[in-house]
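Now for the letters of each chain:
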Amino acid sequence: MTACLGFPVKRLDAAMVVLQEPERDYLEAAIRTVVQIHVCEPPGDILVFLTGEEEIEDACKKINKEIQQMGEQASYILMIS
């Protein structure tokens with residue numbers, strides 16, 4: 001017999017960003033979009049789907065570098081991979 005467990009679910013407001021045209025370098029486009037959202041939108045979480053560990057680590061490094069270069073213009077960003 002299989003047990004079925006129920007967990008309370010909290011619904012969150014979310015916006016999805018979808019590009020109208022394909023990007024040549026989707027990783028750079030994702031990095032650029034994350035930085036833009038981080039700087040221009042109210043505080044919140046940003047979720048990006050990438051294809052592998054190396055790509056994720058590379059994106060995290062590049063996003064952190066971009067945010068650090070902005071100095072006071074951008075707030076702290078916490079990366080979880």
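Residues numbered from 1 in each chain as written. Predicted model: local features only at pLDDT ≥ 70, side-chain atom pairs only at ≥ 80, totals over all residues. Heavy atoms only, no water.

Quick word on the environment of Ala14
What counts, and what does not: Counting from the N terminus, the helices are the DSSP runs of H or I reaching at least four residues and the strands are the DSSP runs of E reaching at least two.
On the secondary structure map, Ala14 appears in the segment before helix 1 (26-40). As a C-alpha pair, Ala14 and Asp45 span 31 residues in sequence and 9.2 Å in three-dimensional space.

Looking at the side chain of His38
The condition that has to hold: Each residue is assigned to one of three classes by its accessible area relative to the maximum for its type, calculated with a 1.4 Å probe on protein chains only: buried under 20%, partly exposed between the two thresholds, exposed over 50%.
Tracing the chain through its elements places His38 in helix 1. According to the relative accessible area criterion, His38 is buried, its value standing at 17%.

Examining the nonpolar core
The condition is simple: What makes a nonpolar core is a set of buried Ala, Val, Leu, Ile, Met, Phe, Trp, Tyr and Cys residues whose side-chain atoms join them at distances within 4.5 Å.
Membership of the largest hydrophobic core is limited to nine residues, which are Leu27, Ile31, Val34, Val35, Ala59, Ile63, Ile67, Ala74 and Ile77. Secondary-structure elements contributing two or more residues to this core are helix 1 and helix 2 (53-70). It is helix 1 that provides the largest number of residues to this core, a total of four residues.

Here's the deal with the side chain of Glu55
Here is the rule we go by: Residues scored as charged are limited to Lys and Arg (positive) and Asp and Glu (negative), so that His and the chain ends carry no count. Think of a salt bridge as a Lys or Arg side-chain nitrogen and an Asp or Glu carboxyl oxygen that are within 4 Å of each other. Polar contacts, as used here, are pairs of N or O atoms within 3.5 Å; protein pairs need one atom able to donate a hydrogen and one able to accept it. Residues neighboring in sequence count only if both atoms are side-chain atoms. Residues are treated as being in contact if the distance between any of their heavy atoms lies within 4.5 Å.
Position of Glu55 among the secondary structure elements: in helix 2. Despite being buried, Glu55 has no salt bridge partner; Lys62 is the closest side chain of opposite charge, sitting 9.4 Å away. Among the polar contacts listed, one links the side chain of Glu55 to the side chain of Thr51, at a separation of 2.7 Å. With residues up to four places along the chain from it excluded, the contact list for Glu55 reads Tyr26, Leu27 and Leu50.

Concerning a nonpolar patch on the surface
Under the convention used in this document: Patch construction takes residues with relative accessible area above 30% that form no salt bridge. Like charges are linked within 9 Å, and nonpolar side chains (Val, Leu, Ile, Met, Phe, Trp, Tyr) are linked within 5 Å. We get accessible surface area from the Shrake-Rupley algorithm with a probe of 1.4 Å; when it comes to residues, only the shown protein chains can shield them.
On the surface, a cluster of nonpolar side chains totalling about 440 Å² of accessible area is made up of Tyr76, Leu78 and Ile80. Looking at the element boundaries, Leu78 is found in the segment after helix 2.

Here we look at the environment of Leu47
By secondary structure assignment, the location of Leu47 is in the loop between helix 1 and helix 2. Accessibility expressed as a relative area gives 66% for Leu47, which makes it exposed. Along the sequence, Leu47 and Val34 sit 13 residues apart, while their C-alpha atoms lie 8.8 Å from each other.

As for the pattern of salt bridges
Tallied over the entire structure, the rule returns three salt bridges. For the salt bridge of Glu23 with Arg32, the shortest nitrogen-to-oxygen distance reads 3.5 Å. A residue is classified by how much of its surface remains accessible, and Glu23, at 37% relative accessible area, is partly exposed. The closest approach of N and O atoms between Lys62 and Asp58, which form a salt bridge, is 3.4 Å. Within this pair, Lys62 and its partner Asp58 are both found in helix 2, separated by four residues, close to a single helical turn. A relative accessible area of 31% places Lys62 in the partly exposed class. Using a relative accessible area of 29% as the deciding quantity, one classes Asp58 as partly exposed. Bridged by salt links that share partners, the residues Glu28, Asp58 and Lys62 form one connected network.

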